[in-house]
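Each chain is listed here by its residues.
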Amino acid sequence: MPTPQLTDPATSRWSVLPDALGDVLADLDPTDLLLAVPVPADGLGQDEQAGAALALMGLAAADVEAAHEPSSEAGATTRIPLVPGERAARAVLLVGVGKGTAADLRTAGAALGRAGRGQADLVVAVGALAEAPESAGALAEGIALGGYTSPRWLSEGTTPSKPTVSAVTLVGAVDERAVLRAVARARATMLARNLAVVPSNTKNPAWMAAQARAIGRRTGLEVKVWSDRDLRAEGFGGLLAVGAGSVTPPRLVQLSYAPQAATAATPHVVLVGKGITFDTGGLDIKPAEGMLAMKTDMSGSAVVLAVLAACRELEVPVRVTGLLALAENAVGGAAYRPSDVVTMYGGRTVEIGNTDAEGRMVMADALAYADAHLDPDVLLDIATLTGAARVALGRTMAPVYATDDGLGDALVAAGRATGELLWPFPLVEDYRPSLDSPVADVNHIAGTPVGAGSITAALFLREFVGERRWAHLDIAGVGRSDVDRGLLTKGGTGFGARLLLTWLEEMA
């Protein structure tokens with residue numbers, strides 16, 4: 001069955017106009033138009049722009065409040081149908097914006113995006129509500145992501161993801177540049193989501209490598225792909241061990257971006273993404289219910305690929321290299337075993353404690369390669385790595401580990417700005433001895449019962465980054481969603497794409 005177009009997610013046409021709502025509405029077909037009016041915390045009656053927008057529809061703010069009692073809670077909606085006639089729209093959607101914070105506007109935008117699905121035009125009478133760039137960006141992100149729909153594979157044909165609404169117009173004192181940049185970041189999130197939901201009978205390491213090549217051609221990235229023969233020749237033992245049980249061999253993909261004015265002094269960031277295209281657990285096999293979401297176990301690599309794809313459009317001011325560590329962890333006669341000793345890239349040996357801890361093996365190879373050959377100023381990895389991260393922080397926040405406080409603080413700040421929240425976790429030195437092995441340089445899981453599974457996984461990865469400034473994002477909890485609500489759709493979330501792009505944009 002053919003795969004829907006994934007490498008260029010569809011988005012709405014976006015327009016930002018200063019303050020001519022009547023003129024905007026006059027040029028649009030009212031039969032396929034949704035007019036949205038924000039409801040601030042102090043009510044419609046206190047908002048001059050909201051009152052003016054309602055007046056254009058022949059409605060008085062005081063009458064609307066009395067009759068419909070619209071809620072100002074962020075994301076709450078009240079739909080008011082209008083009698084056809086001279087009015088410029090067939091319905092007005094009142095949407096609560098809470099206190100007007102970026103988080104509230106993101107939530108309100110998501111409600112608008114969902115309400116606008118299938119409409120030709122969504123016009124939002126923003127007024128001065130989103131005058132600040134961060135507010136404008138948050139509203140736009142919400143609209144774009146809230147209405148996102150996943151690709152589908154149906155008997156009548158494949159259906160790609162669709163834009164929220166054909167055209168979105170924000171009317172008011174809105175920062176247009178902030179809106180367009182926010183939409184670009186949202187599109188990166190959509191790309192990561194698109195890749196994450198592809199069934200694993202289509203999505204294998206070679207398929208992901210092909211997507212990377214296609215994206216690289218379109219966005220001006222240099223792309224290098226290691227085949228399984230290349231990996232064997234150069235000693236990528238972790239990738240080869242994890243992929244040994246599958247009929248679809250592993251791959252390593254490198255994508256490189258440099259800004260136009262880059263020099264040797266331009267900072268260099270390397271991003272490494274976990275790309276397990278399906279995870280059975282290997283010989284330490286998962287229970288059946290534990291496998292259901294495992295097509296999304298490559299979400300880290302999808303996020304890295306999506307970030308690299310957006311770098312040129314957003315004019316990221318630093319050099320960025322992405323590494324996608326791709327393998328399928330399958331059960332087979334050649335599968336790696338518990339108690340095996342694997343020689344990793346660079347020569348360190350690892351004792352296998354559990355074949356279901358495969359992500360850290362492929363990541364370690366890529367991290368060691370980056371340390372040895374790419375000379376990054378900052379090395380960062382992102383992975384759906386441990387169930388312990390989900391137990392610790394649930395599904396709305398991810399742990400971040402960093403060898404440098406400034407690096408960790410910058411990532412946390414970028415997460416706060418985008419609503420992709422991070423919480424600093426410690427690299428507890430007292431737990432490091434639990435990774436000691438009697439037969440190899442290191443055990444890849446804690447051999448003594450210290451608990452703290454996310455921390456010990458991070459400590460294992462740290463073994464392969466040398467003296468680099470390094471950060472690790474464990475997105476096992478936030479990388480998948482079981483619900484279709486707010487900014488999220490069921491499946492891969494693309495968590496981290498907007499966060500990392502914001503962090504990279506501000507790095508100069």
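Presented here is a report on the structure given in the accompanying data block. (Residues numbered from 1 in each chain as written. Predicted model: local features only at pLDDT ≥ 70, side-chain atom pairs only at ≥ 80, totals over all residues. Heavy atoms only, no water.)

## Points about the overall build of the protein chain
Part 1 of the argument: Of regular secondary structure, the protein chain possesses 16 helices and 21 strands.
Part 2 of the argument: Against the compact-globule benchmark of 23 Å for 508 residues, the protein chain has a radius of gyration of 24 Å, which places it among compact chains.
Part 3 of the argument: Dimensions of the protein chain, computed from C-alpha atoms along their principal axes, come out at roughly 80 × 50 × 45 Å.
Part 4 of the argument: When the 508 residues of the protein chain are sorted by exposure, 57% land in the buried category. (Helix = DSSP H or I, 4+ residues; strand = E, 2+ residues; numbered from the N terminus. Rg over C-alpha atoms; globule rule 2.2 N^0.38 Å. Buried < 20%, exposed > 50% of the residue type's maximum accessible area, 1.4 Å probe, protein only.)

## A short note on the sheet that holds strand 8 (residues 167–172)
Part 1 of the argument: What the 6 strands build is an open sheet, ordered 1-8-5-2-4-3; its pairing is mixed. Of all strands in the sheet, those bounded by a partner on one side alone are strand 1 (13–17) and strand 3 (77–81). Put simply, the sheet's adjacent strands are angled 20° from each other on average, direction ignored.
Part 2 of the argument: In this structure, strand 3 lies alongside strand 4 (residues 91–96), joined through 5 bridges in antiparallel fashion. Counted as the bridge partner of isoleucine 80 is valine 92 from strand 4. (Pairing = 2+ DSSP bridges. Axes fitted to C-alpha atoms, helices over the stretch in contact; angles between N-to-C directions.)

## Quick notes on helix 11 (residues 299–311)
Part 1 of the argument: For helix 11, which comprises 13 residues, the first-to-last C-alpha distance of 18 Å matches the rise-based estimate of 18 Å (1.5 Å per residue) to within 8%.
Part 2 of the argument: For helix 11, the tally of buried residues reaches 13 of 13 residues, placing the bulk of the element in the interior. (Expected span 1.5 Å × (residues − 1).)

## Some words on the packing of helix 6 (residues 176–197) against helix 11
Part 1 of the argument: It is at 8 Å that the axes of helix 6 and helix 11 come closest, and there the two elements cross at 145°. Two packed elements cross with a definite hand, and for helix 6 against helix 11 that hand is right-handed. Across the interface between the two elements, Ala188, Leu191, Ala192, Leu195 and Ala196 of helix 6 pack against Ser299, Ala302, Val303, Leu305, Ala306, Ala309 and Ala310 of helix 11.
Part 2 of the argument: Residue classes in the contact of helix 6 with helix 11 are distributed as 11 nonpolar, 1 polar and no charged. (Left-handed = near helix turned anticlockwise from the far one by under 90°. Contact = heavy atoms within 4.5 Å. Nonpolar A, V, L, I, M, F, W, Y, C, P; charged D, E, K, R; others polar.)

Shape is all these values report; function is a separate question.
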